[in-house]
Amino acid sequence: MREVAERMNVPRTLYTDFPVGLSLGKPRDKKFQYEVLQAAFDLLEEPEGPVIRKFPVSISSTGSEPLVCSLPPRMNTELHPAVDEAQGLKAAYDRAYQKNKRTSVGMKISAEQVPEALQRFVRIVEGEHWDEVGFPDKSMYGTVHDIRTYYEELACELAEGPIAPWATEEWFYDGTEAGQIILKARRVMRENNVDQSIWFGLAPAGRE
């Protein structure tokens, strides 16, 4: 953030007008990311600072094409659609994990536990109290983090074309059964006057 660099008198700063969280710019665009890194290293040639240089390309978090990911057909109609969906997507998650050799799933649950965790949100929507469905104290946010990460990592295997900034977030909440059931559970808790600290962080601010 430019104003922070100015206030702190950072010796050399490359200011990038990118969405928060995309420090190197365009996801999956190695050439663009290399150019950002090279521009940062070029600042080492400045004889003295503070120096703030703006990267010439800006990236907007809005106005991009929605992410296109083909979801699996229903396999077990006895399960809630969100639970069935998560189970059907496990193969795509496994492919992504084998390719990248890493995952950010694991703050509270494993990838294998995602369908069961979604079933707990289904129970909240159906009327059970949030603290009676198996969420330990202060674990709900971490559980949603892992569910969302599970989906966003496998989206890289299913996506048709490039992934724009925030596209996986929008796809998760707008296009998947899992995202929809979490939003519904969030609304139920809000409408039942559950403390805001429990439900607010389950989705980005502004989502209903």
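Residues numbered from 1 in each chain as written. Predicted model: local features only at pLDDT ≥ 70, side-chain atom pairs only at ≥ 80, totals over all residues. Heavy atoms only, no water.

So, on to the overall build of the chain. On a plain count of helices and strands, the chain comes out with nine helices and two strands. Sequence-ordered secondary structure for the chain, helices as α and strands as β, is α-β-α-β-α-α-α-α-α-α-α. Seen through its principal axes, the chain has C-alpha atoms that stretch 65 × 35 × 30 Å. Contacts spanning at least 24 positions in sequence make up 67% of the contacts within the chain whose residues lie at least 6 apart. Summed over all atoms, the accessible surface of the chain reaches about 12,200 Å², with 51% contributed by carbon and sulfur. The average position of the 25 basic charges and that of the 33 acidic charges among the side chains of the chain differ by 4 Å. (Helix = DSSP H or I, 4+ residues; strand = E, 2+ residues; numbered from the N terminus. Contact = heavy atoms within 4.5 Å. Areas by Shrake-Rupley, 256 points an atom, 1.4 Å probe, with all protein chains shown as cover. Lys, Arg positive; Asp, Glu negative; His and termini not counted. Charge placed at Lys NZ, Arg CZ, Asp CG, Glu CD.)

Quick look at unusual backbone geometry now. Negative phi is the rule for most residues except glycine; trans is the rule for most peptide bonds. The omega torsion across Gly49 and Pro50 is 5°, close enough to zero to call that bond cis. Residues other than glycine seldom take positive phi values, yet Asn9 does so here, at roughly 55°. Mapped onto the secondary structure, Asn9 falls in the loop between α1 (2–8) and β1 (12–15). Of the residues examined, Asn9 reaches a relative accessible area of 52% and is grouped as exposed. Notably, Lys101 is not glycine yet its phi reads approximately 60°, a positive angle. Along the chain, Lys101 turns up in the loop between α4 (90–100) and α5 (114–125). Owing to a relative accessible area of 59%, Lys101 belongs among the exposed residues under this scheme. (Buried < 20%, exposed > 50% of the residue type's maximum accessible area, 1.4 Å probe, protein only.)

Counting 46 residues, the largest nonpolar core has Leu118, Phe121, Ile147 and Tyr151 as the members making the most contacts within it. Looking at this core, the elements that each hand over two or more residues are α3 (81–88), α4, α5, α6 (140–158), α7 (167–175), α8 (177–191) and α9 (196–199). Those residues in contact with Ile147 that lie beyond four places of it in its chain are Ile109, Val114, Ala117, Leu118, Phe121, Phe172 and Ile182. Counting nine residues, the second largest nonpolar core, distinct from the first, contains Phe18, Val36, Val51 and Phe55. (Core = buried A, V, L, I, M, F, W, Y, C linked by side-chain atoms within 4.5 Å.)

With that settled, consider the state of the cysteines. Enumeration according to the criterion identifies zero disulfides in this entry. Just so you know, Cys69 is unpaired, no disulfide at all, and the nearest cysteine sulfur is the one on Cys156, 8.3 Å from it. Using a relative accessible area of 11% as the deciding quantity, one classes Cys69 as buried. Look at Cys156 and you get partly exposed, because its relative accessible area is 33%. (Disulfide = S-S within 2.5 Å.)

Under the counting rule described, the total for this entry stands at 12 salt bridges. Its salt-bridge partner being Arg74, residue Asp84 comes within 2.7 Å of it at the nearest N-O pair. Taken together, the residues span a long stretch of sequence, with Asp84 in helix α3 and Arg74 in the loop between β2 (51–54) and α3 at a distance of 10 residues. Classification of Arg74 as partly exposed rests on a relative accessible area of 39%. The salt bridge partner of Glu112 is Lys90, with a shortest N-O separation of 3.4 Å. Residue Glu112 is found in the loop between α4 and α5, and its partner Lys90 is found in helix α4; the two are separated by 22 residues along the sequence. The exposure class assigned to Glu112 is exposed, which follows from its relative accessible area of 56%. By sharing partners, the salt bridges in this structure join Lys90, Asp94 and Glu112 into a single network. (Salt bridge = Lys/Arg side-chain N within 4 Å of Asp/Glu carboxyl O.)

The figure often quoted for interface size is the accessible area lost as the parts come together. Entries for the chain in the domain assignment read domain 1 (2–54) and domain 2 (81–202). Here domain 1 and domain 2 have C-alpha centroids that lie 33 Å from each other. Taken residue by residue, the interface counts five residues in domain 1 and six residues in domain 2. Here the side of domain 1 that touches domain 2 is composed, by residue class, of four nonpolar, no polar and one charged. (Domains from an automatic or database assignment. Nonpolar A, V, L, I, M, F, W, Y, C, P; charged D, E, K, R; others polar.)

Moving on, we come to α7. Those residues of α7 lying buried are Ala167, Thr168, Glu169, Trp171, Phe172 and Tyr173. Next to the buried residues of α7 lie α6 and α8.

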